[in-house]
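Letter by letter, the chains look like this.
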Amino acid sequence: MSARSEPGLRAPQSRTEEAQLEPILNVEDLSVRISGLHILQGVSFTVAPTGVTVLLGRNGVGKTTTLRAIVGLTPPAGEVRGAIRMGARSLLARPTHRLVRGGLGYVPEDRCVFAGLTVAENLRLAERRGTTPAYDRVFALFPELDRRGRQRAGSLSGGQQQMLAIGRVLLNDNRLLLVDEPTKGLAPKVVTEVAEVLERVAESVPVLLVEQNLAVVRRLARDAVVLAAGRVAWTGDARELLLETGLTKSLLGVGSAEVRAPSARSELASPAVARKDQP
Amino acid sequence: MGTVILLTLTGLGLAALYFLVASGLSLVFGLADVLNFAHGLFLGVGAYGTWWAAGNLPGAGSDGFGFVLAVAFGVAAGTLVAILVELVLIRPLYSRTIEQVLVTVGLSLAGVALLQATWGADARPFPRPDWTRQVTGILGAQVPNGGLLLILAAALVLGAILAFLRWTRYGLVIRAGVENREMVTALGIDVRKAFTLVFAIGGAAAALAGALGGVYFGTVSPGQGGSLLIFAFIVVVIGGMGSVVGSAYAAVVVGLVQQFVNYYGTSGLGDICVVGLLAVVLLLRPQGIAGKVATA
Ligand SMILES: Nc1ncnc2c1ncn2[C@@H]1O[C@H](COP(=O)(O)OP(=O)(O)OP(=O)(O)O)[C@@H](O)[C@H]1O
Ligand SMILES: [Mg+2]
């Protein structure tokens, strides 16, 4: 599930081949039950220590539930079983704020910026005692956030809110980023911008990404994990998956609702990193 | 004219009392989703703490600096009880709403029973400086000084809470937490510390209401907190859960409506009008005047 040839390593690092193959995150037999409903039933996968690993699956299959279980945000009515490890450390049953301070960055679905606070306040909230916040890094990626410091986050556009949600996580150093549908509901041009930013971010931090836009997936992801019916249905090279029209169709339902293109193949072949379901 | 001014100022005095109780309730609910029925207990502790200190604490008394010391003691006692209640009883029960309601209701009943057992069920004369018994002539109205003191104190508390929310790190955490608590923890912040802090602030404000309410009414009795709490809850709902400014506006509206209707209508009609007002607000604007935002 983890060891395989890696043709396009984006971050060549001075570590040994072996260390590079050691996954940053191990999810083993993860089951999540929320108010009696079995949402995940024995999910196992690993996240590579570099680059982007994408988590795919049809709507409502449990991608968000998986990310939230990793970062300890399963609702109180929920029950989590199995093992989640980062290196030797078990992440299960540890409070979210500890996990995050330990280097797990979480960019939630629907962005969740604090609408009533200003952009600067949203960023300041992510500052931590004892460390210097990397404002230069954030403002280099998102100059807009610097200019709009005094604007209320609720009045930002969707794309700007997404930049803020990513920016506040990048204010600190992370060992792994969990990013949930960062291009959801954004205009094609903004989708490209977000994808570019994530590409640059992934050069230094491994990312576990949930993404429905297959063009973005094709551009960013090296490894893919596909969920279906509460379990892992496929893992392997992301490009391989996307080239198999039959496979993407059966696993993701692509070709019908999600990508309104004549065929999945032609969508994937198109160079534009744009979402076809956007007006 | 004199009557209108008198009713306005006594209405505002009542509003001040409601606000001091409601501001803490509102922040606690807005941030931690806890409906704290034991909030009236903090008021009772503040009132009895002040009353006890004035008679027993060395240096404290019913006048001048001694009185300030007595009130400070009452407020400190209320704050301490609020912190203990949060740490010991509420913290293990976060996100278990029904248990929380049971525990806080039980605690408020037990608290009243404890005050009764210790100091009796009857109202006791409250120690207060002589000037608070007097009246000040304002535009032809003879306004009791105790009421003016309450208005002043509530205005100061409102300003202090807003400054705290606006300018401090914890204030930022509280404002963000009222909006989306989960996301605050997802940024690496232990939001439970902010819960304790909000209980402490609410406990201090309620205890101050207890002490100054004692001055205003001239007596202290175990049941006082409970009846005030009902109107404070109404104020919180009308103002919008989690909004301190909303609580202030709502307290003023409720205090004035009660005072004017009780005077010009029949006594007791004001209370019914307040409940009617609550129903109207719930129908037209279920999120309250200011919605779920900690500052505005
Ligand atoms: N708090 C909850 N209570 C009950 N059911 C829940 C809860 N959270 C999620 N679910 C259910 O779990 C399933 C998986 O939800 P999840 O949000 O993880 O899916 P997803 O793969 O992220 O979907 P999408 O692609 O639409 O974002 C859904 O059927 C959802 O209804
Ligand atoms: Mg999702």
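Residues numbered from 1 in each chain as written. Chains lettered and ligands numbered in written order. Predicted model: local features only at pLDDT ≥ 70, side-chain atom pairs only at ≥ 80, totals over all residues. Heavy atoms only, no water.

Chain B appears in an unreviewed UniProt entry as Branched-chain amino acid ABC transporter permease from Micromonospora parastrephiae. Word for word, the UniProt comment on chain B under Subcellular location (unreviewed entry) is "Cell membrane". (UniProt positions renumbered as here; feature names shortened; annotations may be inferred.)

Let's shift gears to the environment of Ala47(B). Residues and elements named next belong to chain B. With respect to the element layout, alanine 47 can be found in helix H2 (residues 39-56). For alanine 47, a relative accessible area of 2% puts it in the buried group. Residues alanine 47 and serine 221, spaced 174 residues apart in sequence, show a C-alpha to C-alpha distance of 8.7 Å. Sequence-distant contacts of alanine 47, that is, excluding residues within four places in its chain, are made with Phe126, Ala207, Gly210, Ala211 and Val220. (Helix = DSSP H or I, 4+ residues; strand = E, 2+ residues; numbered from the N terminus. Buried < 20%, exposed > 50% of the residue type's maximum accessible area, 1.4 Å probe, protein only. Contact = heavy atoms within 4.5 Å.)

The next thing to look at is the interface of chain A and chain B. Each partner contributes to the interface: chain A provides 22 residues, whereas chain B provides 19 residues. Summed over both partners, the interface of chain A with chain B comes to about 1,800 Å²; 60% of that surface belongs to carbon and sulfur atoms. On the chain A side of the interface with chain B, the three residues burying the most area are His97(A), Phe114(A) and Leu125(A), jointly 33% of the side's total. Taken together, chain A and chain B are joined by 3 salt bridges. With a shortest N-O distance of 2.9 Å, Arg68(A) and Glu182(B) are connected by a salt bridge. Our count for the contact surface shared by chain A and chain B stands at 8 residue pairs in polar contact (both at pLDDT 80 or more). At the level of elements, helix H3 (96-101) and helix H4 (119-125) of chain A are the ones that each hand at least two residues to the side of chain A that touches chain B. Here the element with the most residues in the side of chain A that touches chain B is H3(A); it accounts for 4 residues. The class makeup of the residues in the side of chain A that touches chain B is 12 nonpolar, 3 polar and 7 charged. (Buried area = accessible area lost by both parts, 1.4 Å probe. Salt bridge = Lys/Arg side-chain N within 4 Å of Asp/Glu carboxyl O. Polar contact = N/O pair within 3.5 Å; in protein donor to acceptor, adjacent residues only side chain to side chain. Nonpolar A, V, L, I, M, F, W, Y, C, P; charged D, E, K, R; others polar.)

Residue and element names in this part refer to chain B. Mapped onto this numbering, the UniProt entry gives "transmembrane region" (unreviewed entry) at residues 6-27, 34-53, 65-89, 101-121, 146-165, 194-217, 229-256 and 263-284. Helix makes up 75% of residues 34-53 and strand 0%. Its end C-alpha atoms lie 31 Å apart. Along residues 194-217, the helical share is 100% and the strand share 0%, with 34 Å between the first and last C-alpha atoms.

What follows deals with the sheet that holds strand E7 (residues 176-180) of chain A. Residue and element names in this part refer to chain A. Spatially, the 6 strands line up as an open sheet ordered E6-E7-E8-E3-E9-E10, and their pairing is mixed. The open sheet has two edge strands, strand E6 (104-107) and strand E10 (231-237), and neither has a second partner. Averaged over all pairs of adjacent strands, the angle between their axes in this sheet comes to 20°, without regard to strand direction. Direction of pairing for strand E3 (residues 52-57) relative to strand E9 (residues 221-228): parallel, over a ladder of 6 bridges. In the strand pairing of E9, threonine 53 is matched with aspartate 223. Packed onto the sheet, helix H7 (residues 158-170) meets E6 and E7 and runs at close to 170° relative to E6. (Pairing = 2+ DSSP bridges. Axes fitted to C-alpha atoms, helices over the stretch in contact; angles between N-to-C directions.)

All names here are of chain B. It is the contact of helix H10 (residues 244-264) with helix H11 (residues 269-284), at a shortest axis distance of 7 Å, that shows an interaxial angle of 140°. Of the two possible hands of crossing, H10 and H11 adopt the one that is right-handed. Contact residues: Val253, Val254, Val257, Gln258, Val261 and Asn262 in H10; Leu269, Gly270, Asp271, Cys273, Val274 and Leu277 in H11. Classifying every residue of the contact of H10 with H11 by side-chain character gives 8 nonpolar, 3 polar and 1 charged. (Left-handed = near helix turned anticlockwise from the far one by under 90°.)

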